[in-house]
Amino acid sequence: MSVPVPTPTVPAAASAPSLECADADLRDSLKSPGESASVHSWELVTAVDGPGTRLTYFLAGCPLRCLYCHNPDTWQMRRGERQTLAQVMSRIERYAPVLRTTGGGVTISGGEPLLQPQFVENVFAGCKELGIHTALDTSGFLGARASNRLLANTDLVLLDVKSGDPETYKKVTGRPLQPTLDFGERLAAQGIPIWMRYVLVPGLTDDEAAINRVVDYATSLGTLQRVEVLPFHQMGREKWAALNEPYALEDTEPPSPELVARVRRQFASQGVVVY
């Protein structure tokens with residue numbers, strides 16, 4: 001007989017970050033022709049953000065305000081550094097040999113990369129000319145902004161699904177769930193491989209029924225290759241304080257090993273490869 005795993009609850013009235021700056025960035029980002037972008041940072045890593053050694057660019061700006069975000073410093077485009085397409089491609093060319101040799105490639109993350117889709121489109125087109133694997137790390141909320149040319153040059157999408165319950169998704173992100181679901185279906189229809197990511201937060205995204213909705217959605221995507229269940233952590237708490245942003249998860253603990261195991265079993269029981 002299994003014993004239910006008790007989890008704390010996040011106060012229903014917990015304050016959430018304002019979407020005002022995010023809405024302003026949504027409007028302003030449409031003016032960019034894609035020859036430059038607001039870049040927060042970049043890093044060279046192995047077995048993270050896709051297969052092999054990855055050169056990952058983190059673009060600045062995001063339309064979501066996730067309660068558990070560990071990089072709130074990437075939320076606004078104005079906090080990034082303006083870099084040209086030529087500058088970014090020059091660095092990619094420099095690392096191209098090691099990326100190809102290790103079976104790795106370039107990942108564009110954020111923030112939210114599809115806030116600056118023309119730039120991503122141009123970078124990925126350049127990567128394909130160099131024979132480099134490409135991965136897009138996105139919430140999918142702005143999936144409608146991804147052109148068919150961008151997706152044609154995308155080898156993998158790391159799709160962050162925050163919840164299977166629309167109400168919970170809105171509480172977590174401040175935005176509606178449906179655009180993410182629509183984007184995943186579009187990816188599958190175009191034959192693009194998907195690695196789904198799910199952040200497990202006790203008292204917020206651990207509801208068994210809501211997770212079953214994510215499981216059902218995952219199994220409906222014909223190109224899904226794996227699901228990564230990512231345990232919540234507090235490594236970004238100091239950043240929230242530094243930015244003077246209300247942090248609703250101040251007292252939330254990471255999920256127990258038992259809870260993580262239960263959620264992974266929910267996916268695995270339906271034949272999903274899960275990590």
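For the structure, check the block above.
I will try to describe carefully the structure that is included in this document. (Residues numbered from 1 in each chain as written. Predicted model: local features only at pLDDT ≥ 70, side-chain atom pairs only at ≥ 80, totals over all residues. Heavy atoms only, no water.)

The biggest cluster of nonpolar side chains holds 73 residues, and the ones touching the most others in it are Tyr-68, Ile-92, Val-123, Met-196 and Phe-267. Looking at this core, the element that brings in the most residues is helix 2 (residues 85-101), giving 6 residues. (Core = buried A, V, L, I, M, F, W, Y, C linked by side-chain atoms within 4.5 Å. Buried < 20%, exposed > 50% of the residue type's maximum accessible area, 1.4 Å probe, protein only. Helix = DSSP H or I, 4+ residues; strand = E, 2+ residues; numbered from the N terminus.)

When helix 1 (residues 20-29) is considered as a whole, its buried residues turn out to be Ala-22, Asp-25, Leu-26 and Ser-29. Looking straight down helix 1, one finds that the buried residues subtend no more than 105° of arc, so they occupy a single side. Among the exposed residues of helix 1, those oriented more than 90 degrees off its buried face are Glu-20 and Arg-27. (Arc of directions from axis to C-beta.)

On to the sheet that holds strand 6 (residues 156-160). Sheet architecture is open: 8 strands sit in the order 3-1-2-4-5-6-7-8, paired in mixed fashion. Of all the strands in the sheet, just strand 3 (81-84) and strand 8 (224-231) have a single pairing partner and so form its edges. The sheet shows a mean angle of 30° between the axes of neighbouring strands, direction not considered. Pairing of strand 7 (residues 194-200) with strand 8 involves 7 bridges; the strand directions are parallel. Opposite Tyr-198, over in strand 8, you have Val-229 as the bridge partner. Strand contacts of helix 3 (residues 117-129): strand 1 (36-46), strand 2 (53-59), strand 3, strand 4 (105-109) and strand 5 (133-138), with the helix running at about 160° to strand 5, the strand carrying the most contacts. (Pairing = 2+ DSSP bridges. Axes fitted to C-alpha atoms, helices over the stretch in contact; angles between N-to-C directions. Contact = heavy atoms within 4.5 Å.)

Time to look at the packing of helix 7 (residues 208-220) against helix 9 (residues 257-268). Axes are the key here: two packed helices are described by the angle between their axes and the distance separating the axes. Between helix 7 and helix 9, the shortest axis-to-axis distance is 9 Å and the interhelical angle comes to 35°. Considering only the axes of helix 7 and helix 9, their crossing is right-handed. Contacts between helix 7 and helix 9 pair Glu-208, Ile-211, Asn-212, Val-214, Val-215 and Ala-218 from the former with Arg-262, Val-263, Gln-266 and Phe-267 from the latter. Its residues assigned to classes, the contact of helix 7 with helix 9 shows 6 nonpolar, 2 polar and 2 charged. (Left-handed = near helix turned anticlockwise from the far one by under 90°. Nonpolar A, V, L, I, M, F, W, Y, C, P; charged D, E, K, R; others polar.)

Right, let's talk about the pattern of salt bridges for a bit. Tallied over the full model, the rule gives 10 salt bridges. Its salt-bridge partner being Arg-197, residue Asp-137 comes within 3.2 Å of it at the nearest N-O pair. Of the two residues, Asp-137 sits in strand 5 while Arg-197 sits in strand 7, which places them 60 residues apart along the sequence. Judged by its relative accessible area of 9%, Asp-137 falls in the buried class. A relative accessible area of 11% means that Arg-197 is categorised as buried. A salt bridge links Arg-213 to Asp-165, with the nearest nitrogen and oxygen atoms 3.4 Å apart. On the criterion of sequence distance, the pair formed by Arg-213 in helix 7 and Asp-165 in the loop between strand 6 and helix 5 (166-173) is long-range, its members being 48 residues apart. Of the residues examined, Arg-213 reaches a relative accessible area of 45% and is grouped as partly exposed. (Salt bridge = Lys/Arg side-chain N within 4 Å of Asp/Glu carboxyl O.)

Here Arg-175 shows up in the loop between helix 5 and helix 6 (178-189). Its relative accessible area of 10% is what places Arg-175 among the buried residues.

This part covers the side chain of Gln-116. One can find Gln-116 in the loop between strand 4 and helix 3. Side-chain polar atoms of Gln-116 contact the backbone oxygen of Ala-60, separated by 3.1 Å. Among all residues touching Gln-116, those that are not within four sequence positions of it are Ala-37, Ser-38, Leu-59, Ala-60, Met-77 and Arg-82. (Polar contact = N/O pair within 3.5 Å; in protein donor to acceptor, adjacent residues only side chain to side chain.)

Let us now look at the pairing of strand 2. Consecutive side chains of a regular strand alternate in pointing toward one face of the sheet and then the other. For strand 2, a buried count of 7 out of 7 residues is recorded, marking the element as mostly surrounded by other parts of the structure. The two faces of strand 2 match: Thr-53, Leu-55, Tyr-57 and Leu-59 on one face and Arg-54, Thr-56 and Phe-58 on the other face are all buried. Pairing of strand 1 with strand 2, which is carried by 7 bridges, proceeds in the antiparallel orientation. What sits directly across from Val-45, in strand 2, is Arg-54. A loop of 6 residues connects strand 1 with strand 2, the two strands running antiparallel in sequence, and Ala-47 in this loop sits at a positive phi of about 60°. Examined bridge by bridge, strand 2 and strand 4 share 5 bridges and lie parallel to one another. Each residue of the ladder has a partner; that of Thr-56, found in strand 4, is Thr-107.

A word on the packing of aromatic side chains. By convention here, two paired aromatic rings are described through the distance between centres and the angle between planes. Applying the stated rule across the entire model yields 4 aromatic pairs. Between Trp-75 and Trp-240 the ring centres are 5.1 Å apart and the planes differ by 85°, which places this aromatic pair in the edge-to-face class. Of this pair, Trp-75 sits in the loop between strand 2 and strand 3 while Trp-240 sits in helix 8 (residues 237-242), and the two are 165 residues apart along the sequence. Exposure class is identical for Trp-75 and Trp-240. Each is buried. Cluster of aromatic residues (ring-pair linked, three or more members): Trp-75, Trp-240 and Tyr-247. (Phe/Tyr/Trp six-rings, centres within 6.5 Å; stacked < 30°, edge-to-face > 60°.)

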